Amino acid sequence: MRRTRLAAAVLSAVALTTPGIPTAQAAPAPVAAAAGSAHAVRLPFVAVVTPVPRSYRPKMIGVSWKPGCPVAIDDLRIVTMTYRGFDGRVHLGRLMVNRDVARSVVRSFRAMYAADFPIRRMELIESYDASDDASMAADNTSAFNCRPITGTTDRFSIHSYGRAIDINTVENPYVKGTAVLPPAGRDFLDRTDVRPGMIVKGDVTYGAWTAEGFGWGGDYVSLKDYQHFEYPPS
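Since we're looking at a predicted model, the values are computed, not measured.

Draft legend 1. How the structure looks around the sheet that holds strand 2 (residues 76–84). One open sheet holds the three strands; their spatial order is 1-2-3, and the pairing between them is antiparallel. In this open sheet, the two strands that pair with only one neighbour each are strand 1 (47–51) and strand 3 (90–98). Geometrically, the sheet is characterised by an average inter-axis angle of 20° between neighbouring strands, direction not taken into account. Sheet topology note: the strand 1/strand 2 ladder contains five bridges and is antiparallel. Along strand 2, the bridge assignment pairs V48 with T80.

Here it is in structure tokens:
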């Protein structure tokens, strides 16, 4: 109970004091720093879901959100949560998602956290000027970004609705023909050589998201989008 209160207090303080600056801007500093090593204090998973603050919206408009996008900013939510890093420590991250899937997103990441699934970083897409290529190259786990489907110019990606999540983009690349995005993902094309942060069919990550009704890009036939889970709009 004491650890839960500690984690909740830290996370709530961060959520309340950062309406204008994504977590990423301040590093990814371990949540457990105030209490010593995360190995010594095993913090529980904690998540806070909040509306997009008015002070943050100017960072989005004309960048990740533009007039004509299929979701209103009022319908988006920021999920601030703990995650396990590749360094074995607990960090704070943020995702922006549609309010309709926020609870499902929290449940899925809770299951991943419990299984010690590592995440490289979790930063809002505005930290990369809404560049999907830059975010993927940084191995960033992200969600909302009003943009076309990869390889198209006239169809909105499910990310544009806040209903898609890309997880550990280097370890789980987008593959179509000879194209691999990000290019560093070529080191992870052998999906039988399962290493930390990779997603394979039937594992805890796959099970957590599909149990919530999300489809996995690794199941696609014409291409493979191993990083991608989506909940199509009705």
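Draft legend 2. Highlighting the environment of M96. Looking at the secondary structure, you find M96 in strand 3. The contacts of M96, once residues within four sequence positions are left out, are V52, Y56, M60, L76, R77, I78, L124, E126, A143 and F144.

Draft legend 3. Summary view of the state of the cysteines. Applying the stated criterion across every chain, the model contains one disulfide. Through a disulfide, C69 is tied to C146; the S-S separation comes to 2.2 Å. Judged by the torsion about the S-S bond (-115°), the C69/C146 disulfide is left-handed. On the criterion of sequence distance, the pair formed by C69 in the loop between helix 2 (57–60) and strand 2 and C146 in the loop between helix 4 (132–137) and strand 4 (164–166) is long-range, its members being 77 residues apart. Both residues of the pair, C69 and C146, count as buried.

Draft legend 4. Spotlight on helix 3 (residues 102–114). Taking 1.5 Å of rise per residue, the 13 residues of helix 3 would be expected to cover 18 Å, and the 18 Å separating its terminal C-alpha atoms lies within 8% of that figure. If you check which residues of helix 3 are buried, you get A102, S104, V105, V106, S108, F109, M112 and Y113. Elements in contact with the buried residues of helix 3: strand 1, strand 2, strand 3, strand 4 and helix 5 (204–210). Two residues or fewer past helix 3, D116 is found with a positive phi of approximately 60°.

Conventions and cut-offs
Residues numbered from 1 in each chain as written. Predicted model: local features only at pLDDT ≥ 70, side-chain atom pairs only at ≥ 80, totals over all residues. Heavy atoms only, no water. Pairing = 2+ DSSP bridges. Helix = DSSP H or I, 4+ residues; strand = E, 2+ residues; numbered from the N terminus. Axes fitted to C-alpha atoms, helices over the stretch in contact; angles between N-to-C directions. Contact = heavy atoms within 4.5 Å. Disulfide = S-S within 2.5 Å. Buried < 20%, exposed > 50% of the residue type's maximum accessible area, 1.4 Å probe, protein only. Expected span 1.5 Å × (residues − 1).

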